[in-house]
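If you want the building blocks of each chain, they are given just below.
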Amino acid sequence: MTSIPFVDLKAEYEAYRTEIDTAVTRTLSSGWYILGPEVAAFEAAFAAYTGVAHAVGVASGTDALLLGLKALGVGPGDEVITVAHTAVATIAAIELAGATPVLVDIDSQTYTMDPEQVETAVTPRTKVIIPVHLYGHPADMEAILEIAVQHRLQVLEDCAQAHGALVDGRRVGSMGDAAAFSFYPTKNLGALGDGGAVVTNRDDIAKRLRLLRQYGWRERYISDLAGYNSRLDELQAAILQVRLAHLDEDNGRRQQLAARYSEQLENLPVQLPRIRPSAHHVFHLYVIQTGRRAPLAAFLQEKGVGTAVHYPVPIHLQPAYRHLGYAPGSLPVTERATRRILSLPLYAHMPEEHVNVVCRALAEFF
Ligand SMILES: *Cc1c(COP(=O)(O)O)cnc(C)c1O
């Protein structure tokens, strides 16, 4: 029996091992390990790739959201609108900034923020909207930006699952006031440890982010702001330069694998990923829907195929977020998706034969 892992991080490393080892050795030999030339070089390359003026490296995707919100002036008393169908970090960062998360439902086709729901959630206290480009599919930015302009709100994109995705030829991360990225190892652009970045076209935001990530320092030992310790390591920045140079190629592999899945699963009773015409989907995850998820996942596991659920319980129904006051049934599209979604194995260097094996197992099950 072949064993098909849900993700294989060692395979992703092996694919670029020589280049990564060279970058690591160069950094170790330099004698400079925090906020130095490797971080500066990665920030410049990542800003250019994204098509923005500034990228600021931070310690994680969660910190990128938190520092992004702080740089946008968010604090106690403010409301931030986002979705419940996301990684918990999106909501955790809003509360870490002292603000109140206001959760809205998603579009049933693309699993991203439903702009109509945003419109009705706006109050005089709303300060920021956080659309999440989930699974690699961009949120409906045209509609969300229009609402933001109408109500004078700022937009912070959560790009943690969508490095390289596009809307009408524009990179995610380049459309809002600022955008947060995670470089957690499983992401499309992954480090070999924790890392994150905030990107922005606004000089004022970039300046504030550079203070916030290091104790609020204007210069050494002089704090202009009450800041944090949230820095990207030189080692991770050196590795990320290698991975960034291969990002489009890796996303292309993901898209090919996803296309192969969709072709072979077409006639089975499952809902396949759908792509909005203006969107370039980078397939962080390949997510299907079925009313028979539990037996299907168990059957696949028996066949040696790893699967996962992103995410099994929406944030508004999690024990830690009961205080937000959402009852079961309050976000029906999210809750229905949560019961039916299943993520199939997918990573850039997954062998194509593995897709065939997974699809044969699905066909056998149905
Ligand atoms: C991974 C992820 C984050 C958090 O990133 P970390 O680097 O793990 O802190 C935030 N939002 C989304 C949508 C994510 O997938």
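Residues numbered from 1 in each chain as written. Predicted model: local features only at pLDDT ≥ 70, side-chain atom pairs only at ≥ 80, totals over all residues. Heavy atoms only, no water.

Peer 1: Can you help me understand the overall build of the chain in this one?
Peer 2: Secondary structure assignment for the chain yields 13 helices and 14 strands. Rg of the C-alpha trace for the chain: 20 Å, near the compact-globule value of 21 Å for 366 residues, within the 12% margin. Its C-alpha atoms put the chain at 65 × 55 × 35 Å along the principal axes. Counting all 366 residues of the chain, 57% fall into the buried class. The contacts of the chain with a sequence gap of at least 6 include a subset with a gap of at least 24, amounting to 71%. Averaged over its 32 positive side-chain charges, the chain has a centre that lies 3 Å from the centre of its 40 negative ones. (Helix = DSSP H or I, 4+ residues; strand = E, 2+ residues; numbered from the N terminus. Rg over C-alpha atoms; globule rule 2.2 N^0.38 Å. Buried < 20%, exposed > 50% of the residue type's maximum accessible area, 1.4 Å probe, protein only. Contact = heavy atoms within 4.5 Å. Lys, Arg positive; Asp, Glu negative; His and termini not counted. Charge placed at Lys NZ, Arg CZ, Asp CG, Glu CD.)

Peer 1: Please explain the site of the ligand as it appears in this structure.
Peer 2: In the neighbourhood of the ligand, 14 residues make up the surrounding shell, with G61, T62, Q161, S182 and K187 lying closest. Within the side chain of S182, one N or O atom sits 2.7 Å away from an oxygen atom of the ligand. K187 places a polar side-chain atom, nitrogen or oxygen, 2.7 Å from an oxygen atom of the ligand. When the ligand sits alone it has 390 Å² of accessible area, and the protein chains cover 90% of it. Contributions of two or more residues to the shell around the ligand are made by α4 (61-71) and α5 (88-96). Class assignment of the residues belonging to the shell around the ligand gives a composition of five nonpolar, seven polar and two charged. (Near = heavy atom within 4 Å. Polar contact = N/O pair within 3.5 Å; in protein donor to acceptor, adjacent residues only side chain to side chain. Areas by Shrake-Rupley, 256 points an atom, 1.4 Å probe, with all protein chains shown as cover. Nonpolar A, V, L, I, M, F, W, Y, C, P; charged D, E, K, R; others polar.)

Peer 1: I would appreciate a short explanation of the packing of aromatic side chains in the present structure.
Peer 2: How two aromatic rings sit relative to each other is given by the distance of their centres and the angle of their planes. All told, the structure shown has eleven aromatic pairs when counted by the stated rule. A ring pair is formed by F42 and F46, whose centres lie 5.4 Å apart and whose planes are at 15°; its orientation type is stacked. Of this pair, F42 and F46 both sit in helix α3 (residues 37-50), four residues apart, which is roughly one turn of that helix. The buried category is assigned to F42, whose relative accessible area is 1%. Of the aromatic side chains, those joined through ring pairs into one cluster are F42, F46, F181 and F183. When the ring centre of Y49 is taken as origin, the NZ or CZ atom of R171, which lies over that ring, is 4.1 Å away. (Phe/Tyr/Trp six-rings, centres within 6.5 Å; stacked < 30°, edge-to-face > 60°. Lys NZ or Arg CZ within 6 Å of the ring centre and 35° of its normal.)

Peer 1: For this particular structure, what's the right way to read the domain arrangement of the chain?
Peer 2: Size of an interface: often given as the accessible area lost when the parts come together. Partitioning the chain into domains gives domain 1 (9-104 + 111-245) and domain 2 (247-365). The gap between the C-alpha centroids of domain 1 and domain 2 is 24 Å. The interface is formed by 42 residues belonging to domain 1 together with 38 residues belonging to domain 2. For the pair domain 1 and domain 2, the summed buried area comes to about 3300 Å², and 54% of that belongs to carbon and sulfur atoms. Where domain 1 packs against domain 2, one counts two salt bridges. Residues D248 and R171 are paired through a salt bridge, measuring 4.0 Å at the closest nitrogen-oxygen approach. Counting the contacts that link domain 1 with domain 2 gives 26 residue pairs in polar contact (both at pLDDT 80 or more). (Domains from an automatic or database assignment. Buried area = accessible area lost by both parts, 1.4 Å probe. Salt bridge = Lys/Arg side-chain N within 4 Å of Asp/Glu carboxyl O.)

Peer 1: Help me out: how do you make sense of the sheet that holds strand β3 (residues 100-104) in this one?
Peer 2: Within a sheet, adjacent strands bond to each other through the backbone by hydrogen bonds, running parallel or antiparallel. One open sheet holds the seven strands; their spatial order is β1-β9-β8-β5-β4-β2-β3, and the pairing between them is mixed. Lying at the two open borders of the sheet, with one neighbouring strand each, are β1 (54-58) and β3. When the angles between neighbouring strand axes are averaged without regard to direction, this sheet yields 25°. As judged from the four bridges shared by strand β8 (residues 178-182) and strand β9 (residues 196-200), these two strands associate in the antiparallel manner. Within β9, the position partnered with A180 by the bridge is V198. On top of the sheet, helix α7 (residues 141-151) reaches β4 (126-129) and β5 (154-158); it is set at about 150° to β5, its chief contact. (Pairing = 2+ DSSP bridges. Axes fitted to C-alpha atoms, helices over the stretch in contact; angles between N-to-C directions.)

Peer 1: Would you mind going over the sheet that holds strand β6 (residues 166-167) with me for this structure?
Peer 2: Reading across from one edge, β7-β6-β12 is the order of the three strands in this open sheet, with antiparallel pairing throughout. Strands at the two margins of the open sheet, each flanked by one partner only, are β7 (170-171) and β12 (279-280). Where β6 and β12 come together, two bridges link them in antiparallel fashion. Looking across to β12, one finds that L166 is bridged to H280.

Peer 1: It is not clear to me how the nonpolar core should be interpreted in this structure. Could you clarify?
Peer 2: A general feature of soluble globular proteins is that nonpolar side chains tend to end up buried together. By size, the foremost hydrophobic cluster in this structure holds 53 residues, and its most contacted members are F42, F46 and F183. Mapped by element, the contributors of at least two residues to this core are α3, β2 (79-83), β3, α6 (115-121), α7, β8, β9 and α9 (234-245). Taken together, domain 1 (9-104 + 111-245) and domain 2 (247-365) each give at least three residues to this core, which thus spans both. Once residues lying within four places of it in the same chain are set aside, the contact partners of F42 are F183, L189, L232, A237, L240, Q241 and L244. (Core = buried A, V, L, I, M, F, W, Y, C linked by side-chain atoms within 4.5 Å.)

Peer 1: Sorry, what's going on with the pairing of β5 here?
Peer 2: The two faces of the sheet receive side chains in turn, since in a regular strand these alternate between them. In terms of burial, β5 is a largely internal element, five of the five residues being buried. When β4 meets β5, the two strands line up parallel, connected through two bridges. Within β5, the position partnered with I129 by the bridge is V155. After leaving β4, the chain enters α7 and then returns to the sheet as β5, a path that is right-handed. With three bridges connecting them, β5 and β8 associate as parallel partners. Each bridged residue has a counterpart across the sheet, and for L156 the counterpart in β8 is A178. (Right-handed = clockwise from strand over helix to strand, strands pointing away.)

Peer 1: Explain the pattern of salt bridges here, please?
Peer 2: Close approach of charged atoms allows side chains of opposite charge to pair. Taken as a whole and assessed by the stated rule, the structure comprises 19 salt bridges. Where R202 meets D204, a salt bridge forms, and the shortest distance between an N and an O atom there is 2.9 Å. Through salt bridges with shared partners, one network takes in K10, E14, R17 and D21.

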